[in-house]
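These are the residues of each chain, in order.
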Amino acid sequence: MDDRISRRAALMSVAAAAAWATSPARALLGQTHGTLPASVESLLARMSVEEKAGQLTLMAAAWAGGAANALNPISATGTFDTQLADVRAGRLTGVFNGNGAEMAHRMQTVAMRESRLKIPLLFAADVIHGFRTVFPVPLAEAGSFEPALAERTARAAAVEASAAGIDWTFAPMVDIARDQRWGRGVEGAGEDVLLGRMMAAARVRGFQGDRGLAADDAVLACAKHFVAYGAGEGGLDYNSVDVSERTLRDVYFPPFQTAFGEGAQTVMASFNELSGIPATANPWLLDTVLRKEWGFEGLVVSDYTGDMELIGHGFAADAREATRLAFMAGVDMSMQSGFYIDHLPALVSAGAVPMARLDQAVRRVLALKVKLGLFEDPFRRIDPKREKARIRTAPMLALARESARRSIVLLKNDGDLLPLPKRGKRIALIGPFAAGQHDLIGPWNVYGSDADGVDLLTGVRAAVADPTFVTMTLGSGVEQPIPGGIAAAVAAARAADIVVLAIGEGQSMSGEAQSRDAIVVPAPQQALAGAVAATGKPVVVLLRNGRALALEGAALAAPAILVTWFLGSQSGPAIGDILFGAEGPSARLPVSFPYATGQEPYHYDHKSTGRPNPPGDSEPYKAHYREVPNAALFPFGHGLTYGRITYAGLELGDTRMAWDGTLTIRATITNSGTRAAEEVVQLYIHDVAASITRPVRQLKAFRKIALAPGAAQVVTFTLSRADLLFHGVDMSPTVEPGVFNVWIAPSAQAEGVSGTFTLMQA
Ligand code: NOJ
């Protein structure tokens, strides 16, 4: 922002502040701090029905030509001027995915000076994994198994975003993703419920901070997408979902409940239908469960045109009906369709929507605006100077590098090929991701810029003793071959001692509307991998990916494989840190990598079936595919270190757990290698016989520990009855006495050390 603009902004600010000082909303609400005041009622009483519907209408920002639409289908946002006219007329509660403090300042000034009631606007945005500093995609960061890290990156994102005027983020995305064909798993924490809950909680804490929502660096969190959005048939985005109530309660609900427990006060209804009733018009979901059962008092917002899509679903005949169905089911605020402002007033006057329901929804919006401190100071997050000062600072970039490094998973390391020596070896960097700033920040980033990312070539050259020892050859495009590319890559490989092969998915291959029918490395890159491997040079594969991949051929056969996802602004340096051993890989897979796409949906916590195939070869008439086992190639929780880790000495505090008691379970984890290692020690259980069949394994706890070479550590977990809950025959939380298997293990499929205990009858 230049000085001219800031001076103008400052002048407007003075004028707006004067207008605000005498505004009716200020008179009613100015003295309140964070609680819902009785005066909200007085404000409500002064509002026209149109102004009420306006408070429930959120639109993509039109500023700068509607950049917000780039990540959503094009829809009628209008121009900035028409949007300002709506603000003046009280037809808009706020905008999302706008562009910085200057825009927010201009809009808020109009709201404060020129609207009748001078109710502050709310500025929302998809701040998913960073703002201008981009952190790893959430799926990658979940692999760190460090909720504290996710909390720090969410905090950092909130600090940057809030300075640019953003009050509310459409995050965290807490959808459990059990089908890797679905592209949006990249935005969440993967397939596991416990990890999903812990990451949800961490991100809510991080976004909202610990100084209250009125703090100028607090950003209101929104848990999304409610619910089971990841369970679309065939892994197809937006597709129909038909899961049992029990699976909802056991799998898809818990991360939302955790997010709410941690203080998330908004939730976004998902696009999908749920067993025939779209989530956006589902009274059972939005009222019976969310409000009545869980006591949620916050705000439900539709997803982008979700109410309009009730027509597409074949659930509503027209716009008016769609509005009524969504609103009466419990969607308080409409995003982007304009349906609420267009149809609620008429529905209220026709008696089809009671005024009480309208008031209830408006109250929820005003309550949040109060909590965010907007009635106290509508400009509290709008500060061009702070915007400049808080963005992409050195500590932010250091955190981007740290979080990226700690999200990298080592799948394979045959013959200890990694870490690579920093000197004396000629390295051929090959592949479509070997260089270039595209495909670093991931598919769902509104504010990051390719130009701010540090690529692999730069990171690797900075990490080695002599950068002239590193060559770079693309060899192939992401989905298309490059003429002569393979020949050039083979020549480069022959001239080198080691090949680092950067292959996988481009960032447009995952994210919204990017379902894949085969979760494989695209064929031209597979051909490149084959040709490079045929040179006989040792190959380190660096996978770039927004989901689990079914690896095959030369990509799978390479002696070393690192999963490097989309790691954000500091991708290259972070990968360099791991490749050359400045730090060891410490992340684990948050999603299982299957043998083949046909296994999807695959999740480690599947049921046994009546005919489980025992470990080992496939047996006749047992549950397996003709071609592949009923298992993962690289399971959830898997990840190697540069150390040599062994599990031994399982000790149970007792063989019995009293009904109201606890049970300690410990094992000794040893690093007998010559390098330091960080191990994610995982505790799994299996309920051997229950009135509802139970998963073959379920993660119940984990701990990330650091082990120096030669060090050993006893890791102790404590289980109680609450850890053994499931939703029983009557759908209520149930625990049944009986025998449980327990493992402390390095992955969901590894044996680690195991034992058995019995939960005793009360
Ligand atoms: C649609 C996406 O489903 C949602 O996650 C996002 O927050 C909105 N678009 C707004 O951009």
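Reading the values: rules and limits
- Positions within a chain are numbered from 1, following the residues in the order the chain's sequence is written.
- Confidence filtering applies because this is a predicted model: local features only for residues at pLDDT of at least 70, side-chain atom pairs given and counted only at 80 or more, and all residues used for totals across whole chains, interfaces and linings.
- Excluded from the side-chain calculation are hydrogens and water; included are all heavy atoms of the structure.
- The source of the domain bounds is an automatic or database domain assignment.
- We call two residues contacting when some pair of their heavy atoms lies within 4.5 Å.
- We define buried area as the total accessible area lost by two parts upon association, computed with a 1.4 Å probe and summed across both.
- Whenever Lys or Arg places a side-chain nitrogen within 4 Å of a carboxyl oxygen from Asp or Glu, that contact is recorded as a salt bridge.
- N or O atoms within 3.5 Å of each other form a polar contact, as long as, within protein, one can give a hydrogen and the other can take it, and as long as residues adjacent in sequence are counted only when both atoms are side-chain atoms.
- The way it works is that DSSP assigns letters per residue, a run of H or I at least four long becomes a helix, a run of E at least two long becomes a strand, and they are numbered from the N terminus.
- Put simply, two rings from Phe, Tyr or Trp (the six-membered ring, in Trp's case) pair if the centres are within 6.5 Å, and we call them stacked under 30 degrees between planes, edge-to-face over 60, tilted for the rest.
- The criterion is that NZ of a Lys, or CZ of an Arg, lies within 6 Å of the ring centre and within 35 degrees of the ring normal, and then a charge sits over that ring.
- Of the grid points, spaced at 1 Å and generated over the protein atoms alone, those admitting a 1.4 Å probe that cannot get out make up cavities, while open sets with protein on both sides within 12 Å along at least five of seven lines make up pockets; any residue with an atom within 4 Å of a point is treated as lining.
- Grid points are joined across faces, edges and corners, and a volume is the space filled by probe spheres set on the points.
- Charged residues are taken to be Asp, Glu, Lys and Arg, nonpolar residues to be Ala, Val, Leu, Ile, Met, Phe, Trp, Tyr, Cys and Pro, and polar residues to be all remaining types, Gly included.
- A molecule or strand has a residue near it when one of that residue's heavy atoms lies within 4 Å.
- Accessible surface area values rest on a Shrake-Rupley calculation with a 1.4 Å probe, where residue burial reflects the displayed protein chains alone.
- Criterion for pocket placement: a molecule counts as inside a cavity or pocket if more than half of its atoms are within 2 Å of its grid points.
- Buried, partly exposed and exposed residues are distinguished by accessible area as a fraction of the type maximum, computed with a 1.4 Å probe on protein chains only: under 20%, between the cut-offs, and over 50%, respectively.
- Pairing between two strands is assigned when DSSP locates at least 2 bridges connecting them.
- A crossover counts as right-handed when, viewed with the strands pointing away from the observer, the path leading from the first strand over the helix to the second turns clockwise.
- Note on definitions: angles span 0 to 180 degrees between N-to-C directions of axes, and those axes are lines fitted to C-alpha atoms, for helices only across the stretch in contact.
- To sort the angles, those under 35 degrees are grouped as roughly parallel, those over 145 as roughly antiparallel, those from 65 to 115 as roughly perpendicular, and the leftovers as oblique.
- Should the near helix be turned anticlockwise from the far one by less than a right angle, the crossing is left-handed, and should it be turned clockwise, the crossing is right-handed.

1. Thoughts on the domain arrangement of the chain
Next up, step 1: Assigned domains of the chain: these are domain 1 (403-599) and domain 2 (642-759).
Next up, step 2: Between the C-alpha centres of domain 1 and domain 2 there is a distance of 33 Å.
Next up, step 3: Across the contact, 15 residues belong to domain 1 and eight residues belong to domain 2.
Next up, step 4: When the two sides are added together, the surface that domain 1 and domain 2 hide from each other amounts to roughly 890 Å², 42% of it contributed by carbon and sulfur.
Next up, step 5: Seen at the junction of domain 1 and domain 2, the total is three salt bridges.
Next up, step 6: Between Arg644 and Asp416 there is a salt bridge, with the nearest N and O atoms lying 2.9 Å from each other.
Next up, step 7: On the surface where domain 1 and domain 2 come into contact, there are six residue pairs in polar contact (both at pLDDT 80 or more).
Next up, step 8: Of all the elements in the fold, those that place two or more residues in the side of domain 1 that touches domain 2 are β11 (409-413) and α24 (571-579).

2. A few points about the packing of aromatic side chains
Next up, step 1: In total, this model carries 22 aromatic pairs according to the counting rule given.
Next up, step 2: Put simply, the rings of Phe226, Phe253, Phe256, Phe260, Trp284, Trp294 and Phe296 pair up and form one aromatic cluster.
Next up, step 3: In this structure, Arg697 packs its charged tip against the face of Tyr684, placed 5.4 Å from the ring centre.
Next up, step 4: The ring of Trp743 carries the charged tip of Arg697 above its face, separated from the ring centre by 4.2 Å.

3. Let's talk about empty space enclosed by the protein
Next up, step 1: Going through the model one piece at a time under the given rule, you end up with six cavities of 30 Å³ or more.
Next up, step 2: Each pocket or cavity is described by its volume, and for the largest cavity that value is around 90 Å³.
Next up, step 3: Partitioned by chemical class, the residues of the lining of the largest cavity number seven nonpolar, two polar and five charged.
Next up, step 4: Looking at the second largest cavity, its volume works out to about 70 Å³.
Next up, step 5: Along the walls of the second largest cavity sit 13 residues, with Ile128, His129, Glu141, Thr153 and Arg203 positioned nearest its centre.
Next up, step 6: Going through the elements one at a time, α8 (138-142), α9 (147-163) and α10 (193-208) are the ones with two or more residues in the lining of the second largest cavity.

4. Examining the site of the ligand
Next up, step 1: Around the ligand, the structure places 15 residues, and the nearest of them are Asn72, Asp126, Arg184, His225 and Asp303.
Next up, step 2: Asp126 is positioned with one of its side-chain polar atoms (N or O) 2.5 Å from an oxygen atom of the ligand.
Next up, step 3: One of the side-chain nitrogen or oxygen atoms of Asp303 is found 2.5 Å away from an oxygen atom of the ligand.
Next up, step 4: Protein contacts shield 100% of the accessible area of the ligand, which totals 290 Å² for the unbound molecule.
Next up, step 5: A majority-of-atoms criterion places the ligand in the largest cavity.
Next up, step 6: Here the shell around the ligand is built from residues that sort into seven nonpolar, three polar and five charged.

5. Brief notes about the pairing of strand β3 (residues 122-125)
Next up, step 1: Here β3 shows no split at all, with Leu122 and Ala124 on one side and Phe123 and Ala125 on the other all buried.
Next up, step 2: Bridge count between strand β2 (residues 94-96) and β3: three bridges; the pairing is parallel. From the neighbouring strand, Val95 faces β3, where its bridge partner is Phe123.
Next up, step 3: After leaving β2, the chain enters helix α7 (residues 100-114) and then returns to the sheet as β3, a path that is right-handed.
Next up, step 4: Sheet topology note: the β3/strand β4 (residues 168-169) ladder contains two bridges and is parallel. Bridged to Ala125 within β4 is Thr169.

6. Some thoughts on the layout of surface pockets
Next up, step 1: Estimates place the volume of the largest pocket at around 740 Å³.
Next up, step 2: Around the largest pocket, the lining is made up of 25 residues, and of these Asn613, Pro615, Asn630, Val696 and Gln749 lie nearest the centre.

7. As for unusual backbone geometry
Next up, step 1: Residues Phe226 and Val227 are joined by a peptide bond in cis, for which omega reads 10°.
Next up, step 2: Within the secondary structure layout, Val227 lies in the loop between β5 (222-226) and α11 (245-252).
Next up, step 3: Of note, the amide linkage connecting Leu418 to Pro419 takes the cis form, showing an omega dihedral of 0°.
Next up, step 4: With respect to the secondary-structure elements, Pro419 resides in the loop between β11 and β12 (427-430).
Next up, step 5: A positive phi is found at Ala513, a non-glycine position, where the angle reads about 65°.
Next up, step 6: Positive phi values are uncommon outside glycine, yet Thr609 reaches one of about 70°.

8. With respect to the side chain of His606
Next up, step 1: On the secondary structure map, His606 appears in the loop between β17 (593-594) and β18 (632-634).
Next up, step 2: Other than its neighbours up to four places away in sequence, His606 contacts Asn630, Pro695 and Val696.

9. Quick notes on the packing of α10 against helix α12 (residues 254-261)
Next up, step 1: Viewed as axis vectors pointing N to C, α10 and α12 meet at an angle of 25°, and their least axial separation amounts to 8 Å. It follows that α10 is roughly parallel to α12 by the angle criterion. Relative to α12, α10 is oriented so that their crossing is right-handed. Between α10, through Val193, Gly196, Arg197, Ala200, Ala201 and Val204, and α12, the contact on the second element is made entirely by Pro254, Pro255, Thr258 and Ala259.

10. Considerations on the packing of helix α15 (residues 319-329) against helix α16 (residues 339-349)
Next up, step 1: Direction vectors running N to C along α15 and α16 enclose 85°, while the axes themselves pass 9 Å from each other. Judged by the inter-axis angle, α15 sits roughly perpendicular to α16. The residues of α16 that touch α15, namely those facing Ala319, Arg320, Ala322, Thr323, Arg324, Ala326 and Phe327, are Phe339, Tyr340, His343, Leu344, Ala346 and Leu347.

11. Observations regarding the pattern of salt bridges
Next up, step 1: One pass over the structure, following the stated rule, counts 45 salt bridges.
Next up, step 2: Residue Arg205 is joined to Glu262 by a salt bridge in which the shortest nitrogen-to-oxygen separation is 3.2 Å. You can see Arg205 sitting in helix α10 and its partner Glu262 sitting in the loop between α12 and β6 (266-269), a full 57 residues away along the chain.
Next up, step 3: A relative accessible area of 30% places Arg205 in the partly exposed class.
Next up, step 4: We classify Glu262 as partly exposed; its relative accessible area is 31%.
Next up, step 5: A salt bridge links Arg249 to Glu293, with the nearest nitrogen and oxygen atoms 2.8 Å apart. Pair noted here: Arg249 is in helix α11 and Glu293 is in helix α13 (residues 283-293), with a separation of 44 residues, a long-range link.
Next up, step 6: On the basis of relative accessible area, Arg249 is assigned to the buried category, the value being 9%.
Next up, step 7: Counted as one network, the salt bridges with shared partners bring together Glu146, Arg401, Arg405, Arg406, Asp577, Glu583, Glu678 and Lys704.

12. Some details on the sheet that holds strand β9 (residues 299-301)
Next up, step 1: Taken together, three strands build an open sheet; the order of strands is β5-β6-β9 and the sheet is parallel. Looking at the sheet topology across the chains shown, the edges are occupied by β5 and β9. Across the sheet, the mean angle separating the axes of adjacent strands is 25° when strand polarity is ignored.
Next up, step 2: Taken together, the three bridges between β6 and β9 define a ladder with parallel strand orientation. Bridge pairing in β9 places Met268 opposite Val301.
Next up, step 3: Across the sheet, α12 lies against β5 and β6, angled at about 160° from β5, the strand it touches most.

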